[in-house]
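# Structural overview
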Amino acid sequence: MSKTALIVIDMINTYDHPDADLLLPSARRVVPVAAGLLDRARRADVPVVYVNDNFGQWRSHHGELLDTALAGPHADLVDPLRPDEASLFVVKARHSVFFETPLSYLLDQEGVGHLVLCGQVTEQCVLYSALDAHIRHFEVTVPRDAVAHIHPDLADAALEMMERNMGARVCDSAELWP
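Residues numbered from 1 in each chain as written. Predicted model: local features only at pLDDT ≥ 70, side-chain atom pairs only at ≥ 80, totals over all residues. Heavy atoms only, no water.

Before going further, it helps to spend a moment on the nonpolar core. If you look at the biggest cluster of nonpolar residues, it comprises 34 residues, and the most contacted ones within it are Leu-6, Val-8, Tyr-15 and Trp-177. Every element with two or more residues in this core is listed here: β1 (3-9), α1 (20-43), β2 (48-53), α2 (62-70), α3 (75-78) and β4 (112-120). Val-8 has contacts with Leu-38, Val-48, Val-49, Tyr-50, Val-51 and Cys-118, leaving out every residue within four places of it along the chain. (Core = buried A, V, L, I, M, F, W, Y, C linked by side-chain atoms within 4.5 Å. Buried < 20%, exposed > 50% of the residue type's maximum accessible area, 1.4 Å probe, protein only. Helix = DSSP H or I, 4+ residues; strand = E, 2+ residues; numbered from the N terminus. Contact = heavy atoms within 4.5 Å.)

Moving on, we come to the pattern of salt bridges. Enumeration over the complete set of coordinates arrives at 10 salt bridges. For Asp-79, the salt bridge is made with Arg-82, and the minimal N-O distance between the two is 2.6 Å. (Salt bridge = Lys/Arg side-chain N within 4 Å of Asp/Glu carboxyl O.)

With 4 of 5 residues buried, strand β5 (residues 139-143) is to be regarded as a mostly interior element. Across 3 bridges, the pairing between β4 and β5 is parallel. Paired with Leu-115 across the strands is Val-140, a residue of β5. The parallel pair β4 and β5, bridged by helix α5 (residues 122-135), forms a crossover whose chirality is right-handed. In terms of strand pairing, β5 meets strand β7 (residues 169-171) through 3 bridges, oriented parallel. Pairing of Pro-143 across the sheet is with Cys-171, part of β7. (Pairing = 2+ DSSP bridges. Right-handed = clockwise from strand over helix to strand, strands pointing away.)

Note that the residue after Gln-120, namely Val-121, is joined by a cis bond; omega there is 5 degrees. Of note, Val-121 is situated in the loop between β4 and α5. Of note in this structure, Tyr-15 is not a glycine but carries a positive phi near 55 degrees. One can find Tyr-15 in the loop between β1 and α1.

What follows concerns α5. Taking 1.5 Å per residue as the helical rise, α5 with its 14 residues ought to reach 20 Å, and the 18 Å between its terminal C-alpha atoms agrees with that figure. Within α5, burial applies to Thr-122, Glu-123, Cys-125, Val-126, Leu-127, Ser-129, Ala-130, Asp-132 and Ala-133. Each element contacted by the buried residues of α5 is listed here: β1, β3 (88-92), β4, β5, β6 (147-148) and α6 (152-166). His-137 occupies a position one or two residues after α5 and carries a positive phi of about 70 degrees. (Expected span 1.5 Å × (residues − 1).)

Let us now look at the side chain of Asp-10. Inspection of the secondary structure puts Asp-10 in the loop between β1 and α1. Excluding residues that lie within four positions of it along the chain, Asp-10 makes contacts with Val-51, Asn-52, Asp-53, Lys-92, Gln-120 and Cys-125.

In this section: α6. Over its 15 residues, α6 runs 20 Å from end to end, which matches the ideal 21 Å to within 8%, given 1.5 Å per residue. Looking only at α6, the buried set comprises Ala-155, Ala-158, Leu-159, Met-162 and Met-166. Viewed along the axis of α6, the buried residues span an arc of 95 degrees, placing them on a single side of the element. Along α6, exposed side chains directed more than 90 degrees from the buried face belong to Asp-153, Asp-156 and Arg-164. Residues of α6 that are buried sit in contact with α5, β5, β6 and β7. Where α6 terminates, the next one or two residues include Gly-167, which has phi positive at roughly 70 degrees. (Arc of directions from axis to C-beta.)

So, on to the pairing of β2. Counting buried positions over the 6 residues of β2 gives 6, a clear majority of the element. What you see with β2 is no split at all: Val-48, Tyr-50 and Asn-52 on one side and Val-49, Val-51 and Asp-53 on the other are buried throughout. As defined by bridge partners, β1 adjoins β2 across 4 bridges and the pair is classed as parallel. Bridging across to β2, Leu-6 finds its partner in Val-48. Handedness of the crossover is the feature at issue here: the chain leaves β1, passes through α1, returns alongside β2, and the resulting connection is right-handed. Two elements, β2 and β3, share 5 bridges in a ladder whose sense is parallel.

Functional significance is not addressed by these values, which are geometric in nature.
Right under this line is the structure:
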């Protein structure tokens, strides 16, 4: 039986982008749920991997990305999801957590075969990451209440595609590490 890892997608965020106004209401609902999921995963000794956009800051590292987000106007959405000392961190530049990142290698080294994806944006980065995980033969779970969206209709379609086309388990976060 392979290990499970919790993948936190793009939650270290300044929300300084064109779709932020549409994303913020959903993110505000998701943050407390994702924080609870993180807490339960950590208590269950599930590895936590943050995979985060670098926002074009190629000289930045995870600490700098976190500091910038915590200094911004939406620090209240970042602080509850702050990485701890045991968390792993991968910087990405495009939508998928796998695209030109060392994530596949890291997961292989950790013996991980099952990914729980949380974060944002459901109809973009979460969807593309789920597809790339499926292609790489990972089992995928997406807690529907722990992913934030810009467009609710597209998010619903994305969750259905993940479940139907990729065999992902779509569930409520309360079902994970109770």
